[in-house]
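# Coordinate analysis (summary)
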Amino acid sequence: MDEYEEPISPALDRLGENIKLLNGAVSGLEMILRRAEELDQVNVKEALPFLGLIWLYGSAIRALLEAKRQDGTMLWNAPALASLCRPLQEAFLSLVYFAIEKPEPEEAEFRRLLLSRHAIYKRWDLLRRADQSNETIARECASASVEWEAVQEVVCSHPYMGKLTPDTAKRVAKDGDQYILCSLDAIWERAGLPHELYGVTFRYLSQYAHATPYAVASLKFHQAGHENGAVNMMIPIGLALACVTQAIRISSQLDPSLGQLVPVAFRTFMNDPELPMQTGRE
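This one's a predicted model, so the numbers in the text were calculated from it and none came from an experiment. (Residues numbered from 1 in each chain as written. Predicted model: local features only at pLDDT ≥ 70, side-chain atom pairs only at ≥ 80, totals over all residues. Heavy atoms only, no water.)

### Re the pattern of salt bridges
To be explicit about the condition: Take a side-chain nitrogen of Lys or Arg and a carboxyl oxygen of Asp or Glu: if they are within 4 Å of each other, that pair is a salt bridge. Type-normalised accessible area, obtained with a 1.4 Å probe on protein chains alone, sets the label of each residue: buried when under 20%, exposed when over 50%, and partly exposed for intermediate values.
A complete count under the given rule lists 14 salt bridges for this structure. Across the salt bridge formed by Arg-34 and Glu-37, the nearest N and O atoms sit 3.3 Å from each other. The partly exposed category is assigned to Glu-37, whose relative accessible area is 47%.

Below, the structure is given as structure tokens:
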């Protein structure tokens, strides 16, 4: 029998164990994060902001899973988990794309430039939507607009723009929200996660992160103590577990002192006995 044909135990049976695994993983990532904050290596500093976001959202998910109803039983809130998992998933992909992968120097520079441009764009975009009758806001908005125009000119004149496909170059030049050049499921796969699962989980998270008619009609499948409810809890929990554990695996390779924090049990869980000995990017 193929390993994927083996029967899967009910979600109700797996839910508690996966919550325990996620709790341990988030605690483990916090240990790595605290140690990473003490290091001065460039590769660690590049990864640190994204590791912090992964830990932040992972901690929020853990806190939600610890929430109790008035009768003392666990509060099942799959839509809230889905809302927290969306940014966690994005933070993980950004960690891989901006801090772990090593493209050619010109592309690496362009990636960093797009990330910086995106931060500048979002600040300007928020300020221009604010009350311009406020002198402080108007002044900050004018300054942000100048900064946006300057970085936009740098992006559009960068040599790497000429290496993009015409459609990609057009999107990048037009929209400050375009800061990742490839498909997100491709990054997901390069990070070592199953390619076919990215679209499924992303659609699930998108569905329950918004109050669509379908989401409202599906509320009955979130009922606590039932198998359907457990399945809907397991999807975001499983995704969070995948992102957090992979973040630990990846970050532990950035410096030997980080690898030393990874216990044998985690190496066994990840099926990677040599994990702490890998020192990451050369």
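Structure shown, so let's carry the discussion forward.
### Side note on the environment of Ile-187
This is how the line gets drawn: Where helices and strands are cited, they refer to DSSP runs of H or I of at least four residues and of E of at least two residues respectively, numbered from the N terminus. Note on definitions: a residue-residue contact is assigned when non-hydrogen atoms from the two residues lie within 4.5 Å.
Examined against the element boundaries, Ile-187 turns out to sit in helix H7 (residues 184–190). Sequence spacing of Ile-187 and Val-96 is 91 residues, and the spatial spacing of their C-alpha atoms is 7.3 Å. Dropping the residues within four chain positions of it, Ile-187 is found in contact with Leu-93, Val-96, Tyr-97, Ile-180 and Cys-182.

### Structural notes on the nonpolar core
What counts here: Grouping buried Ala, Val, Leu, Ile, Met, Phe, Trp, Tyr and Cys residues that are joined through side-chain atoms within 4.5 Å yields what is termed a nonpolar core.
Ranked by size, the top nonpolar core spans 82 residues in total, and within it Leu-22, Phe-92, Leu-95, Phe-110, Met-233 and Val-244 carry the most contacts. Looking at this core, the element that brings in the most residues is helix H3 (residues 78–100), giving 14 residues. Residues within four places of Phe-92 in sequence aside, it is in contact with Ile-54, Trp-188, Ala-191, Leu-193, Cys-243, Gln-246, Ala-247 and Ile-250.

### Some details on the packing of helix H1 (residues 11–36) against helix H2 (residues 42–65)
Keep this limit in mind: Convention adopted: a line fitted to C-alpha atoms gives each axis, helices being fitted over their contacting stretch, and angles between N-to-C directions are expressed from 0 to 180 degrees. Should an angle lie under 35 degrees it is considered roughly parallel, over 145 roughly antiparallel, and from 65 to 115 roughly perpendicular; all remaining angles are considered oblique. Two helices crossing with the near one rotated counterclockwise from the far one by less than a right angle form a left-handed crossing, whereas a clockwise rotation gives a right-handed crossing.
Look at H1 against H2: their axes get within 9 Å of each other, and the N-to-C directions meet at 150 degrees. When the axis of H1 is compared with that of H2, the two are roughly antiparallel. H1 and H2 meet at a crossing whose hand is left-handed. Along its contact with H1, which presents Ile-19, Leu-22, Asn-23, Val-26, Ser-27, Leu-29, Glu-30, Leu-33, Arg-34 and Ala-36, the element H2 presents Val-44, Leu-48, Leu-51, Gly-52, Ile-54, Trp-55, Gly-58, Ser-59, Ile-61, Arg-62 and Leu-65.

### Focus on helix H6 (residues 166–174)
Since the α-helix packs 3.6 residues into each turn, any two residues three or four apart lie on the same face. Counted only if it meets this: Here, the arc refers to the directions that run from the helix axis to the C-beta atoms.
Regarding H6, the residues found buried are Thr-168, Ala-169 and Val-172. Projection of H6 onto a plane perpendicular to its axis shows the buried side chains occupying an angular sector of 100 degrees, all on one side. Exposed residues lying more than 90 degrees from the buried face of H6 are Pro-166, Asp-167, Lys-170 and Lys-174. Next to the buried residues of H6 lie helix H4 (105–128) and helix H5 (135–156).

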